[in-house]
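Survey of secondary and tertiary structure
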Amino acid sequence: MSRQVELLVTPVKALVDDQVDITVERLAPRQPVTLHARLVKGTARFQSYAHYRADDTGRVAVAKHTSLGGLYTGVEQMGLFWSMQPSPGQKPGLRLRKKDVSTPFLVDVRVHEGHVDVMGEENLPWLATKTVERWYLGDGVKRIPVKEGRVRGTLFLPPGEGPFAGVLDIFGSTGGLPEYRAALLASRGFAALALPYFGYDDLPNYISDIDLDYFEVAAAVVIGSYTAVAGHPLPYKGKMFPCARFILDQIVVTKEGFICARNSLEDTTEEPGLKACIQVEKAQCPIMFVAGEDDVNVKAVLHANQAIARMKTHGKTNYTLLRYPGAGHLIEPPYTPHCDKCILVGGEPKGHAAAQEDSWHKILELFRTHVGRSALSKL
């Protein structure tokens with residue numbers, strides 16, 4: 001192992017939505033190298049790699065220099081993070097999702113001689129290495145379990161005395177209590193409640209059993225989802241909201257064994273599905289729709305435009321539509337690896353990464369403008 005090559009990563013400890021600068025110095029002029037990022041969490045293993053050539057001074061600056069090959073090409077400062085894939089031998093469709101926000105993702109960044117395919121290679125010699133900490137939970141952010149009456153969840157509070165603008169963080173149809181997005185929102189200055197509503201603790205086991213009395217919330221952001229009650233009728237204060245049904249014979253299983261559900265929801269532009277549409281025109285808050293144009297799980301753009309048409313009909317202008325070419329379903333915080341297996345979500349890694357970065361900053365700006373301002377938490 002050469003001691004001459006120097007790998008610089010700044011900062012080595014940061015929130016997951018922060019960019020990092022990666023630079024390799026003391027290479028030979030025009031020397032070919034492979035940059036390799038590797039993340040191990042329990043039994044899960046993810047990795048990425050890209051090929052670079054040093055400039056005439058023997059330097060590679062990832063934020064300025066072009067990747068010539070690997071899992072991405074072009075100038076991509078955060079490419080080693082968003083292009084990560086499950087290592088060979090991992091379960092198909094493995095999704096990188098943080099369960100314990102009290103610990104960081106540890107990413108080992110390495111420099112290898114020449115242009116090599118590192119996927120599946122465990123013991124390749126390296127010229128330099130550095131470990132990077134990627135956090136959802138900022139310094140000083142408080143994590144408070146909530147079990148009050150019927151309500152379950154986890155409250156995250158930024159450092160300081162407050163008061164803080166409050167955000168409810170509610171996920172979709174996977175159930176459980178994902179905390180990572182709420183932790184990151186608190187790290188950016190918001191009091192954020194991660195709110196489960198089924199499949200957690202003593203809450204209903206199935207989404208079909210939930211009661212909307214459990215929460216009353218005017219949504220400020222709708223990310224790549226339906227704008228109608230889908231799958232099951234929902235009870236609320238003694239009434240029952242009708243639903244658009246899933247048509248099971250329209251669900252397609254590909255030859256690789258993955259599920260495509262894009263065309264499985266009953267048409268919500270005509271009866272009886274039209275009755276399931278949410279009356280978004282009654283909302284007084286600003287609504288931001290985030291839609292991937294290549295979403296093959298949900299017709300996100302169609303549903304967003306349908307909701308916007310209802311609002312326009314009623315003279316409402318309190319909406320924004322962010323639509324992204326090349327992006328699929330599951331638009332996560334920035335630099336989260338693209339997952340397009342098991343249930344097909346669509347999109348391609350580069351376009352999906354661009355959508356995640358752009359939409360996240362616009363979501364934060366929406367909250368800061370309309371919910372309130374508060375100090376940022378930094379690592």
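The structure presented is a predicted model; accordingly, all values stated were derived computationally and were not measured.

Rules used throughout
Residues numbered from 1 in each chain as written. Predicted model: local features only at pLDDT ≥ 70, side-chain atom pairs only at ≥ 80, totals over all residues. Heavy atoms only, no water. Helix = DSSP H or I, 4+ residues; strand = E, 2+ residues; numbered from the N terminus. Expected span 1.5 Å × (residues − 1). Buried < 20%, exposed > 50% of the residue type's maximum accessible area, 1.4 Å probe, protein only. Polar contact = N/O pair within 3.5 Å; in protein donor to acceptor, adjacent residues only side chain to side chain. Phe/Tyr/Trp six-rings, centres within 6.5 Å; stacked < 30°, edge-to-face > 60°. Pairing = 2+ DSSP bridges. Axes fitted to C-alpha atoms, helices over the stretch in contact; angles between N-to-C directions. Contact = heavy atoms within 4.5 Å. Patch = residues over 30% accessible without salt bridge, like charges linked within 9 Å, V, L, I, M, F, W, Y side chains within 5 Å. Areas by Shrake-Rupley, 256 points an atom, 1.4 Å probe, with all protein chains shown as cover. Salt bridge = Lys/Arg side-chain N within 4 Å of Asp/Glu carboxyl O. pLDDT = per-residue confidence, 0-100. Parallel < 35°, antiparallel > 145°, perpendicular 65-115°, else oblique. Left-handed = near helix turned anticlockwise from the far one by under 90°.

**Description of helix H4 (residues 349–370)**
- Across its 22 residues, H4 extends 31 Å between first and last C-alpha, which sits within 8% of the 32 Å expected from 1.5 Å per residue.
- Within H4, the full set of buried residues consists of Gly351, His352, Ala353, Ala355, Gln356, Ser359, Trp360, Ile363, Leu364, Leu366 and Phe367.
- Of the residues that open H4, the one with a side-chain oxygen 3.0 Å from the backbone nitrogen of Lys350 is Glu348.

**Observations regarding the packing of aromatic side chains**
- Counted under the stated rule, the structure contains six aromatic pairs.
- Taking the centre distance of 6.3 Å and the plane angle of 70 degrees together, the rings of Phe105 and Tyr136 count as edge-to-face. Note that Phe105 is positioned in strand E9 (residues 105–113) and Tyr136 in the loop between strand E10 (128–135) and strand E11 (142–148), a separation of 31 residues in sequence.
- Judged by relative accessible area, Phe105 falls into the buried class, the value being 6%.
- Ring plane angle 75 degrees and centroid distance 5.7 Å describe the contact between Phe190 and Phe367, whose orientation is recorded as edge-to-face. Highlighted residues: Phe190 in the loop between helix H2 (180–187) and strand E14 (191–194) and Phe367 in helix H4, separated in sequence by 177 residues.

**A few points about the sheet that holds strand E12 (residues 151–157)**
- The strand order E11-E12-E14-E13 describes an open sheet built from four strands, whose pairing is mixed. The open sheet has two free edges, formed respectively by E11 and strand E13 (166–169), since each of these has just one partner strand. Taken over all neighbouring pairs, the strand axes of this sheet differ in orientation by 25 degrees on average, direction set aside.
- When E12 meets E14, the two strands line up antiparallel, connected through three bridges. Counted as the bridge partner of Leu155 is Leu193 from E14.
- Lying on the sheet, H2 is in contact with E12, E13 and E14; it crosses E14 at an angle near 175 degrees.

**Let's talk about a nonpolar patch on the surface**
- A surface patch of nonpolar side chains, amounting to about 430 Å² of accessible area, comprises Phe246, Leu248, Ile251, Val253 and Ile259.
- Since its relative accessible area comes to 33%, Ile259 is described here as partly exposed.

**A few points about the sheet that holds strand E1 (residues 6–10)**
- A sheet is described by the order of its strands in space; here three strands give the open sequence E1-E3-E6, paired in antiparallel fashion. Sheet topology places E1 and strand E6 (60–61) at the edges, where each strand pairs with a single neighbour.
- The sheet contact formed by E1 and strand E3 (residues 21–25) spans five bridges and is antiparallel. Residue pairing in the sheet places Val9 in a bridge with Ile22 of E3.

**Describing the pattern of salt bridges**
- Tallying each qualifying case throughout the model produces 16 salt bridges.
- With its nearest N and O atoms 3.5 Å apart, the salt bridge here joins Glu76 to Lys350. Highlighted residues: Glu76 in the loop between strand E7 (69–70) and helix H1 (79–82) and Lys350 in helix H4, separated in sequence by 274 residues.
- Glu76 gets classed as buried once you look at its relative accessible area, which sits at 17%.
- A salt bridge links Asp169 to Arg181, with the nearest nitrogen and oxygen atoms 2.7 Å apart. With a gap of 12 residues between them, Asp169 in strand E13 and Arg181 in helix H2 connect regions that are remote in the sequence.
- A cluster of three or more residues bridged by salt bridges with shared partners is formed by Lys147, Arg152, Asp201 and Asp202.

**Topic: the confidence of the model for the protein**
- Confidence along the protein averages 87 in pLDDT terms, with 90% of residues attaining 70 or more.
- The low-confidence segment residues 217–224 (pLDDT under 50) makes 29 contacts with residues lying over four places distant or belonging to another chain.
- Counting interchain partners and residues more than four positions distant, the pLDDT-below-50 stretch residues 373–379 has 26 contacts.

**Details of the packing of H2 against H4**
- Direction vectors running N to C along H2 and H4 enclose 60 degrees, while the axes themselves pass 12 Å from each other. With respect to H4, the element H2 is oriented oblique. Crossing angle aside, the handedness with which H2 passes H4 is right-handed. Every residue of H4 that contacts H2 at Arg181, Leu184 and Leu185 is listed here: Trp360, Leu364 and Phe367.

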